[in-house]
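# A look at the structure
The chain contents come next:
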Amino acid sequence: MQWLTLPEPRSDVKPAFHDLPSARAWLATQPQTQPLHMLNAIGGQIEAIEAAMLSPGLTLELLNLLRSAALPGQIAIESRYVRKPLPMPPEDERAFELAQKLWRRLGVAYLRLVPHFPPAGKCLPLHRAATAFRMAQYCHFLAARDCPPVLDRLLFAVLAQAENSAILSLPIGDPDFRNFGESHIGGHLAWAFLLRLADPYRLSAAQLAVANRAISRWRELAVFRQTPDDDPRAHSIDLSPLFDGPLPEGLPRWLEVRKVVRKIDQRILALQAGESPESLKMGRELSGSACIRLLHDLESSLESHVEAPSTEIGEIELAFGPEHCFNVLTGEALNPGSGLDAGSASLAHQRVALFGFDRVSTMPTSVKKLTVPSETWTLVDGKAVRPPDAEGSRRLAPGLVATVRDDQPQLGVLLGLRTLDSGALSADLKWYPGPLEAGRLVRSPAQERNQPLTPAFLLHDGDHYSLIVPAAAGLRLDTRLSFQGSTLCHLLPTEVLERGVDFVRYAVNWQ
């Protein structure tokens, strides 16, 4: 494969063992209760045995042994990097780097062995390589770290060799993942590609866990094809955009997912009929209605979407969180004692920016304007980017944001947040269309006296209305509430439409 060059194995690391008994003895001396040290040592030995010129059969057995030994440590450190506020602290970043690097090292080591086996013997190393590259990719999704194009190419390299050897659908067991039963190479590759297509950075940690679990169950329903299926009921996806360049000749270009779509539709109908996500083997992380929304999103990700790329460029000031968004949209402080100060130049050592308001005049009759903490991001090719050296807090997504552009305040969501290799943060911005009204929830007199006022935003979309409130507001469906904006109105939340890290959007009816 001229389009892929595997990295040369390191020659400066010497193997600590030469056969299975000495490898087991070496593993027994490693710090089992210190997963970071354990994984670092195992990663070094993977590279060492790659360069040791051992027989292919022995190398394969040693890699399998190291893989089994590494798995508990990989599981133990996963919580260190799953959707932490970005940029991650150095120790959490180290855990992520170690996890993804070990899976990638394993995958490359298995892939390097493949040419040394006859066609029937290629299945095991290719199967383990597919699993390893899929897991390395998933580490990036869990950590909200941009996935490098080389991982996609490594997955395609497994696809090419399995297709050439006619073993793409050959079932094989995996003692390290017994819950899969017998699986095949094509299933793991389809799993990786389908999750990639689902835009996993836009999913919350809970949504990502459920999506990954669902796709893992349907992975072998997808079929790789050289040409799209001509059946009118077919549903073929073009994989060439994932290759980041012209697809080499002979690679299966299409993934037929008709059976996957059918499974998604069946799950949606079952949930709508009242079955629980747990009974459908979707887990406990999400409610039934949240699972329905996620499944619709997964189904949409399997459709062709042709969108005109955004050409917008320039800097944008973003305020984060419901209360700061209220301040930007109204120019008023909802809770004056919460730290905002009219006319101040700084706030708790944070960068303070004016959102389209003139400097406060020193005349006695002037009205002071509100300043709101903000961050400067840059729009590049439709993405919002915060440079690695820019001031700002650690961020999670999806999160509520506001800005003022062309003298008009806007409310939206920052989503798809990820860290680039440069250390910069990159995200998408989705703006809610007008008209919308910034106001507050009306509580009982006792609550009004003892608790901060709660911001809320009423959105109008024709005859439909939705209400955005802080995630901590604690609203209940089918329980009436009062919203104070330009007028007082009584609303009934009927459905959760959207949920972020700091907000929830409800469909509401007028009362």
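Definitions and cut-offs
- Residues numbered from 1 in each chain as written.
- Predicted model: local features only at pLDDT ≥ 70, side-chain atom pairs only at ≥ 80, totals over all residues.
- Heavy atoms only, no water.
- Phe/Tyr/Trp six-rings, centres within 6.5 Å; stacked < 30°, edge-to-face > 60°.
- Helix = DSSP H or I, 4+ residues; strand = E, 2+ residues; numbered from the N terminus.
- Buried < 20%, exposed > 50% of the residue type's maximum accessible area, 1.4 Å probe, protein only.
- Core = buried A, V, L, I, M, F, W, Y, C linked by side-chain atoms within 4.5 Å.
- Contact = heavy atoms within 4.5 Å.
- pLDDT = per-residue confidence, 0-100.
- Axes fitted to C-alpha atoms, helices over the stretch in contact; angles between N-to-C directions.
- Parallel < 35°, antiparallel > 145°, perpendicular 65-115°, else oblique.
- Left-handed = near helix turned anticlockwise from the far one by under 90°.
- Nonpolar A, V, L, I, M, F, W, Y, C, P; charged D, E, K, R; others polar.
- Expected span 1.5 Å × (residues − 1).
- Bend = angle between axes of the 7 residues up to and from the residue.
- Salt bridge = Lys/Arg side-chain N within 4 Å of Asp/Glu carboxyl O.

The next thing to look at is the packing of aromatic side chains. What the rule picks out here adds up to 11 aromatic pairs. On the numbers, 6.0 Å between centres and 65 degrees between planes, the contact of Tyr81 with Phe96 is edge-to-face. Of this pair, Tyr81 sits in the loop between helix H3 (56-77) and helix H4 (90-113) while Phe96 is found in helix H4, placing the two residues 15 residues apart along the sequence. Side by side, Tyr81 and Phe96 carry an identical accessibility label, which is buried.

Moving on, we get to the nonpolar core. Tyr81, Ile185, Leu189 and Trp377 are the most contacted members of the largest nonpolar core, which has 121 residues in total. Counting residues per element, this core draws most heavily on helix H5 (residues 123-143), which supplies 13 residues. Not counting chain neighbours up to four residues away, the residues in contact with Tyr81 comprise Met88, Asp92, Ala95, Phe96, Ala99, Cys139, Leu142 and Ala143. Core analysis: the next-biggest nonpolar cluster, separate from the first, contains 19 residues, Leu334, Leu400, Val413 and Leu459 among them.

Turning to the confidence of the model for the protein, a few remarks are in order. Overall, the predicted model of the protein reaches an average pLDDT of 90, with 92% of residues at or above 70. Ranking the helices and strands of the protein by mean pLDDT puts H5 first, with 98, and strand E5 (residues 352-353) last, with 38. Scored below 50 in pLDDT, residues 341-367 shows 49 contacts in the model against residues more than four places distant or in partner chains.

Right, let's talk about the packing of H5 against helix H6 (residues 149-164) for a bit. One can describe the packing of H5 onto H6 by two numbers: an axis separation of 10 Å at closest approach and a directional angle of 160 degrees. If you check the angle between H5 and H6, you find them roughly antiparallel. The element H5 and its partner H6 pack so that their crossing is left-handed. Listed contacts from H6 to Leu126, Ala129, Ala130, Phe133, Arg134, Ala136, Gln137 and His140 of H5 are Leu151, Asp152, Leu154, Leu155, Val158, Gln161 and Ala162. Partitioned by chemical class, the residues of the contact of H5 with H6 number 10 nonpolar, 3 polar and 2 charged.

Another aspect to go through is the side chain of Glu50. Assignment of secondary structure puts Glu50 in helix H2 (residues 35-50). Judged by relative accessible area, which is 17%, Glu50 ranks as buried. Leave out the neighbours within four places in its chain, and Glu50 touches Pro9, Val108, Ala109 and Arg112.

When the terminal C-alpha atoms of H3 are compared, their 31 Å separation across 22 residues agrees well with the 32 Å that a helix rising 1.5 Å per residue should span. At Ala70, H3 shows its maximal kink, close to 30 degrees; a proline, Pro72, follows between one and four residues later.

Once that is clear, we can look at the pattern of salt bridges. As enumerated under the stated definition, the model contains 28 salt bridges in all. The salt bridge involving Lys84 is made with Asp92; its shortest N-O contact spans 3.7 Å. Accessibility expressed as a relative area gives 12% for Asp92, which makes it buried. Put simply, Arg145 and Asp421 hold a salt bridge, and the shortest N to O gap is 3.9 Å. Remark: Asp421 occurs in the loop between strand E10 (408-419) and strand E11 (425-431) and Arg145 occurs in the loop between H5 and H6; sequence separation between them is 276 residues. Linked through salt bridges whose partners overlap, the residues forming this network are Arg80, Lys84, Glu91, Asp92 and Arg94.

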